[in-house]
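Topology and contacts: notes
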Protein chains: 2
Amino acid sequence: MRARTTIKDVAEAAGVGVATVSRVLSGGSASPQTRERVLAAAAQLDYRPSALGRNLRRQRTGGIGLLVPDITDPFYARVADGVLACARAAGEPVIMGATGDDPESESEVIGMLLEQGVDRVVAVPSGATEPWAPAVRAGLTVVFAARHAVGFDDIPAVMADERSGIRTAVEYLVGLGHRRIAHLGGHGQGQRTAAFRDTLTALGLPVDEELIVFGRPARDSAYAAASGLFQNRPDLTAVIAGSNLLGEAAVLAAHELDLRVPRDVSLIMFDDVPWAELCAPPLTVIAPPARDIGYRAAELVLRTPPGRGRGGRSRPVKMPTELIVRGSCGPGRQRGATRRS
Amino acid sequence: MRARTTIKDVAEAAGVGVATVSRVLSGGSASPQTRERVLAAAAQLDYRPSALGRNLRRQRTGGIGLLVPDITDPFYARVADGVLACARAAGEPVIMGATGDDPESESEVIGMLLEQGVDRVVAVPSGATEPWAPAVRAGLTVVFAARHAVGFDDIPAVMADERSGIRTAVEYLVGLGHRRIAHLGGHGQGQRTAAFRDTLTALGLPVDEELIVFGRPARDSAYAAASGLFQNRPDLTAVIAGSNLLGEAAVLAAHELDLRVPRDVSLIMFDDVPWAELCAPPLTVIAPPARDIGYRAAELVLRTPPGRGRGGRSRPVKMPTELIVRGSCGPGRQRGATRRS
DNA sequence: CTGAAAGCGCTAACAC
DNA sequence: GTGTTAGCGCTTTCAG
């Protein structure tokens, strides 16, 4: 209520100049005696240096901007949690925004961050190029998390090792005898789809393009994709869902169409979420270290010196995934044949 | 990269004084001609007013602080999403922090917000009183969301109408024939437990204190509480879980102990989450409007004029819940009797 | 080792 | 209607 205590108040109370207070509080040199007096005065007055003044003067905020498509998606929530944890450890504030994977919205949020003087951003990019132009022009340090956007080879990224995760899953399914495996892909998951194709090919199996479908990141679209897939291709015996949303849709669609998991279809989901264990049967998943991805990305953005915006292209940091086998995969059979009889 | 464009640059480019630029950009009066020139120059230079300068000058940031126990919990994620949406509509940045429901951590985050000069905060309070003392002392506007803390009658709150939600659920179960209903309570859910007791009493049923247990907001603790409850009281026929975490634990524990839902136990969870529909059977829930709670809280904190910190006590805003009947509740039977035979 | 003073970008008096 | 100017709280030369 009463006016905020400023550095001037502390200086007066301690009988020194403001510069001295500033020095003492930021660990500069001062005589033990002076330091003592300043510290006492500061404590006495419950002084908190204003970040506003400091940032204006230093021309940088230190804060971290955090952009996620949807904080309500458990995957991004975990990424955000990691960023929050790292920022907290570094004592930096986090300004957050949801983009809904919409470039226009992303653009707005970036504009807001720029206005706030934020100079570091961790983002799950929507994939569009334009929204980021003002940001790189302004020279802010950005690190992409969980996804990489084409045309930004110079922006560091931290993501799950999707290739290896998908490969392990496909190999697992093929080992179980599956031959007609589908892939439900989502937004910004080109890597996963590519890895899916490559693994199949490497295993000497044909790639059936009809078994590779996509859903937009919304429940209805995901459900439509899953349901359509099951109905159009009754011969498929396994599906890999590219996100928890798509996995959810697959479980729901399978249930709706009276397909038993894993008797009729085997299911693997990319992303581990608490409910995967609650399902009947519990879902086998490829678990990406979402929280670690966020933490690492934040660490990276905090380490990177300010100036280093555009420059050498950096290879994305890949974090290992883990195949957690639960109960949603069975031996591969001729589902279509059985059902047709 | 190059130095940020300042108001001075715009003024020079437009051939006017800085004050004029400021006026034009904040909708003040100016001759159409001047306005035109300023706007053109600003657009040309891609000028973005610095929030740092403005905030320092105006002595307020406008930004909203957002404190949640755990962004990874789908309930708080939805609350946060609501706050984000409202703040976005108002063009205000949101600084977020996770408290882990730990007063000490809460204290730290509040300190950080104070340092940042944030003057409005929406928070799901941990329940402790001390962390908030510096905040109210500094005169910042706070609105509690989803929970209310004792001793803060003067802080507005927006929450679910827990009494009515719990009452509806208990009445529903009693109507189904249940007499031994348990309540799994969580952190900061005094209201719910009280409503549970009251409804039972109002219905002329005895309150069995042994059937009211609590879990800390962690998976292991929640599981222990649920599991213990089922084992200690094989005679119970229904349980109301006070949060999605507790509901998850109940589902898991029931499964582990080979209790069928709803044949052996009926289950109602406070909070609706996507996986509730995926469960077998799908869970009947009391759905609180989490996102709306966040949105309303943000609206409220944005509306409240700055000075109005301490003052008239305000009754919490209660948002209606909805009982969504799915498949986890059956007729009440003598579970204990059956099993003992 | 310490203090005085400049100035970060902006807005709000105040003068013209 | 428009320009000049004084700070907002802080850090950082630069003298002493």
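Throughout this document, residue positions are counted from 1 along each chain, in the order its sequence is written. Numbering of ligands from 1 and lettering of chains from A proceed in the order in which they are written. Per-residue local features of the predicted model are confined to residues with pLDDT of at least 70, and side-chain atom pairs are confined, for both listing and counting, to 80 or more; whole-chain, interface and lining totals are unaffected and use all residues. Excluded from the side-chain calculation are hydrogens and water; included are all heavy atoms of the structure.

Per an unreviewed UniProt entry, the recorded name for chain A is LacI family transcriptional regulator, and the organism is Thermocatellispora tengchongensis.

Turning next to the sheet that holds strand β8 (residues 238-241) of chain A. Residues and elements named next belong to chain A. Strand order in the open sheet formed by 6 strands is β7-β6-β8-β9-β10-β12, with mixed pairing between adjacent strands. Edge positions in the sheet fall to β7 (212-214) and β12 (322-324), since each of these pairs with one other strand and no more. Adjacent strand axes in the sheet meet at a mean angle of 20° when their direction is disregarded. Pairing of strand β10 (residues 284-287) with β12, which is carried by 3 bridges, proceeds in the antiparallel orientation. By the bridge assignment, Ala287 is partnered in β12 with Glu322. Across the sheet, helix α10 (residues 219-232) lies against β6 (181-185), β7 and β8, angled at about 160° from β6, the strand it touches most. Between any two strands, at least two bridges found by DSSP are needed for them to pair. Each helix corresponds to a stretch of at least 4 residues labelled H or I by DSSP, and each strand to a stretch of at least 2 residues labelled E; elements are numbered beginning at the N terminus. Every axis corresponds to a line fitted to the C-alpha atoms, with the helix fit spanning only the stretch in contact, and the corresponding angles, defined between N-to-C directions, vary from 0 to 180 degrees. For this analysis, residues touch if any pair of their heavy atoms sits within 4.5 Å.

Attention now goes to the protein's contact with DNA strand D. If even one non-hydrogen atom of a residue comes within 4 Å of a molecule or strand, that residue is called near it. In the vicinity of DNA strand D lie 26 residues, with Ile7, Tyr47 and Arg57 of chain A together with Thr20 and Thr34 of chain B positioned nearest. Counting only the atoms of DNA strand D that lie within 4 Å of the protein, the sugar and phosphate share comes to 58%. Polar contacts, as counted here, are pairs of nitrogen or oxygen atoms within 3.5 Å of one another; within protein the pair requires one atom able to donate a hydrogen and one able to accept it, and residues that are adjacent in sequence qualify only if both atoms are side-chain atoms. Take Arg23 of chain B: an N or O atom from its side chain is 2.6 Å from a base oxygen of DNA strand D. Between DNA strand D and Gln59 of chain B there is a distance of 3.0 Å, counted from a phosphate oxygen to a side-chain nitrogen or oxygen. Throughout this entry, Asp, Glu, Lys and Arg are counted as charged residues, while Ala, Val, Leu, Ile, Met, Phe, Trp, Tyr, Cys and Pro are counted as nonpolar. The remaining residues, Gly among them, count as polar. In terms of residue class, the surface near DNA strand D is built from 9 nonpolar, 11 polar and 6 charged.

Next up on the list: the protein's contact with DNA strand C. Around DNA strand C sit 24 residues, and of these Thr20 and Thr34 of chain A together with Ile7, Tyr47 and Arg57 of chain B come closest. Those atoms of DNA strand C that come within 4 Å of the protein belong to sugar or phosphate at a rate of 64%. The contact in question runs from a phosphate oxygen of DNA strand C to an N or O atom on the backbone of Ile7 of chain B, over 2.4 Å. Arg57 of chain B places a polar side-chain atom, nitrogen or oxygen, 2.3 Å from a base oxygen of DNA strand C. By residue number, the principal contributor to the surface near DNA strand C is helix α4 (residues 51-58) of chain B, which donates 4 residues. The residue inventory of the surface near DNA strand C, partitioned by class, reads 8 nonpolar, 10 polar and 6 charged.

Time to look at helix α9 (residues 190-202) of chain B. All names here are of chain B. Along its 13 residues, α9 runs 18 Å from first to last C-alpha, staying within 8% of the 18 Å computed at 1.5 Å per residue. Remark: exposure states derive from per-residue accessible area (1.4 Å probe, protein chains only) relative to the maximum for the residue type, with buried under 20%, exposed over 50%, and partly exposed in between. All of the buried residues in α9 are Arg192, Thr193, Ala195, Phe196, Thr199 and Leu200. Buried residues of α9 fall within an arc of 160° about the axis and therefore sit on the same side. Exposed side of α9, more than 90 degrees from the buried face: Gly190, Thr201 and Ala202 are the residues found there. Against α8 (162-175), β6 (181-185), β7 (212-214), β8 (238-241) and β9 (266-270) lie the buried residues of α9. Residue Gly204 follows α9 closely and has a positive phi angle near 80°. Working rule for helices: expected span equals 1.5 Å times residues minus one. Summarising the geometry, the arc corresponds to the directions from the helix axis toward the C-beta atoms.

Let us look at the relation of the copies chain B and chain A. Here the copies were fitted onto each other by least squares, based on C-alpha atoms from residues at pLDDT of at least 70 in both. Superposition record for chain B on chain A: RMSD 0.1 Å, screw rotation 180°, translation along axis 0.0 Å. Taken together, the rotation angle and the small translation identify this as a two-fold axis. Taking C-alpha positions as reference, the residue of chain B nearest the rotation axis is Ile95 of chain B, located at 2.2 Å. The overlap is high: 98% of the interface residues of chain B also sit at the interface in chain A, so the same surface is used on both sides.

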